[in-house]
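Tertiary structure, described
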Amino acid sequence: MKDFTRAYAQQLDKQDPLASYREEFYLPEDGIYMDGNSLGLLSKRAERTLLESLADWKELGIDGWMSGRHPWFNLSEELAELNAPLIGGKPEEVMVTGSTTVNLHQLVASFFKPEGKRTKILADALTFPSDIYALKSQLELRGLDPSEHLVQVDSPDGRFLVEDDLIAAMTDEIALIVLPTVLYRSGQILDMPRLAKAAHERDILIGFDACHSVGAIPHDFHEWGVDFAYWCNYKHLNGGPGTVGGLFVHERHFGTAPGLAGWFGSRKDKQFDMDHTMTPAEHAGAFQIGTPHVMSLAPQLGALEMFNEVGMEAIRQKSLALTTYMIDLIEDMLAPHGFFIGSPTDTRQRGAHLSLEHPEAARICKALKKHHIIPDFRAPNIIRLAPVALYNTFTDVYDVIVTLKKIMDDKEYEAFENVREVVA
Ligand SMILES: Cc1ncc(COP(=O)(O)O)c(C=O)c1O
Ligand SMILES: Nc1ccccc1C(=O)C[C@H](N)C(=O)O
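Keep in mind that this is a model prediction, so the values were computed, not measured.

So, about helix α5 (residues 129-141). Its 13 residues give α5 an end-to-end C-alpha distance of 18 Å, which sits within 8% of 18 Å, the value for a rise of 1.5 Å per residue. Looking one or two residues past α5, G143 carries a phi angle of roughly 75 degrees, positive in sign.

Spelled out as structure tokens, the structure:
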């Protein structure tokens, strides 16, 4: 018999080995934050490392590049070491640089080599729009028509992708594959090792957008043989709004010239020779372009420290316990209200957020916000809820679903217009 009392949720919190991490974060005073899949919250450690870098600037000026608490010249490399275990790469295969979309541009510019019959890029119909915009523009830059050279594999139900369909589309016309690790709407995890193996058996390179999986699930990119990956550090990793992104390039590709070159991709000892012939770094550092956004990197030092301390296995375990508990509560409390859980029920395929579909989703989100609960909305009908392992509790989950039940029982959502806000 499942227990649907608040006391049971509190009991689960008492047994939670990660409970103490909640105090490390600045949480809303009178509300519940469930949007860590879009923008993670500020932690005290991230605030401290940002303030330290500001103090270095204040006290050292230009010397902050080489002296100070976190010398800026090596900050991207220092952070790559903290990022590497989270995605299962060797430190030299990872770089903290650019942003998701910029890194995708860089990686496609470097690894898309249309030749003979192989001139197409394979992607999917559910991926984040920015990736598609980037892929289309990369094709156009090569004089290739995206309507012919970008193949997007469809989804049978608009929620999930089927690996067999993706593999069936890996034809001898495909030069490069770019897929999400975890889908941004449904939270489905794709079978990355299987896809990488299938791609390589067909002589195709494969890269992954790991925005919704980094900091949420463990990865083994090196072992899986993935060619490249890229991600943001502002969602599950709590690095701050617009913080610098990450990229992974498998060591077998070291020596590939960066498609978009810039002096920060140089070997560190050569960079200030100011030679007009670039000597690229001999590792993933080669894919950096210009001066790093230091103040935007700095919070990651504190933020990422926590992930390395706790380990991705423990984070994954709690995250799955939270989403499984949430599904149980939704099925019990919201049954008469017409919600559809558009996320995988199989835990092996479920990322770290749940997608709740409802025709009134836009205004249900507004009603939740009125109760100081922060979800997000994805048009036309999705409420995304992300109970985050490091700072959300089982009681948070309980309170969110009870509030949702009240909003539905009392039709509170009818007080709002069913249209999205500008930033939804
Ligand atoms: C899966 C995915 N890809 C790409 C992006 C775009 O990232 P950015 O705006 O940081 O380039 C996002 C989020 O914004 C995302 O969730
Ligand atoms: N970068 C942002 C800026 C403003 C508001 C949201 C975002 C997001 O990251 C949204 C996220 N990519 C999503 O999965 O929808």
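A few words now on the side chain of T49. Mapped onto the fold, T49 is located in helix α2 (residues 44-60). A distance of 3.2 Å separates a polar atom in the side chain of T49 from the backbone oxygen of A46. The residues contacting T49, other than those within four sequence positions of it, are H70, A298, P299, L301 and G302.

With that settled, the discussion passes to the packing of aromatic side chains. Here the structure, examined in full by the defined rule, presents 15 aromatic pairs. Here F25 and Y391 contribute two aromatic rings whose centre-to-centre distance is 4.8 Å and whose plane-to-plane angle is 55 degrees, an arrangement assigned as tilted. Taken together, the residues F25 in the loop between α1 (6-14) and β1 (32-33) and Y391 in the loop between β13 (382-385) and α14 (394-409) connect sequence positions 366 residues apart. Relative accessible area serves as the criterion here: at 0%, Y391 is assigned to the buried category. Centroid distance W263 to F272: 5.1 Å. Interplanar angle 55 degrees. Geometry classified as tilted. Given a relative accessible area of 36%, W263 falls into the partly exposed group. Using a relative accessible area of 53% as the deciding quantity, one classes F272 as exposed. Grouping aromatic residues by their ring pairs yields a cluster made of W65, W72, F73, W263, F264 and F272.

Our focus in this paragraph is the UniProt feature "modified residue: N6-(pyridoxal phosphate)lysine" (unreviewed entry) in the protein chain. Taken from the UniProt record, the annotation "modified residue: N6-(pyridoxal phosphate)lysine" (unreviewed entry) applies to K235. Residue position: K235 is located in the loop between β7 (228-231) and β8 (246-249). What K235 contacts, discounting residues up to four positions off in sequence, is G36, N37, S38, L39, G40, C211 and H212.

Conventions adopted
- Residues numbered from 1 in each chain as written.
- Chains lettered and ligands numbered in written order.
- Predicted model: local features only at pLDDT ≥ 70, side-chain atom pairs only at ≥ 80, totals over all residues.
- Heavy atoms only, no water.
- Helix = DSSP H or I, 4+ residues; strand = E, 2+ residues; numbered from the N terminus.
- Expected span 1.5 Å × (residues − 1).
- Polar contact = N/O pair within 3.5 Å; in protein donor to acceptor, adjacent residues only side chain to side chain.
- Contact = heavy atoms within 4.5 Å.
- Phe/Tyr/Trp six-rings, centres within 6.5 Å; stacked < 30°, edge-to-face > 60°.
- Buried < 20%, exposed > 50% of the residue type's maximum accessible area, 1.4 Å probe, protein only.
- UniProt positions renumbered as here; feature names shortened; annotations may be inferred.

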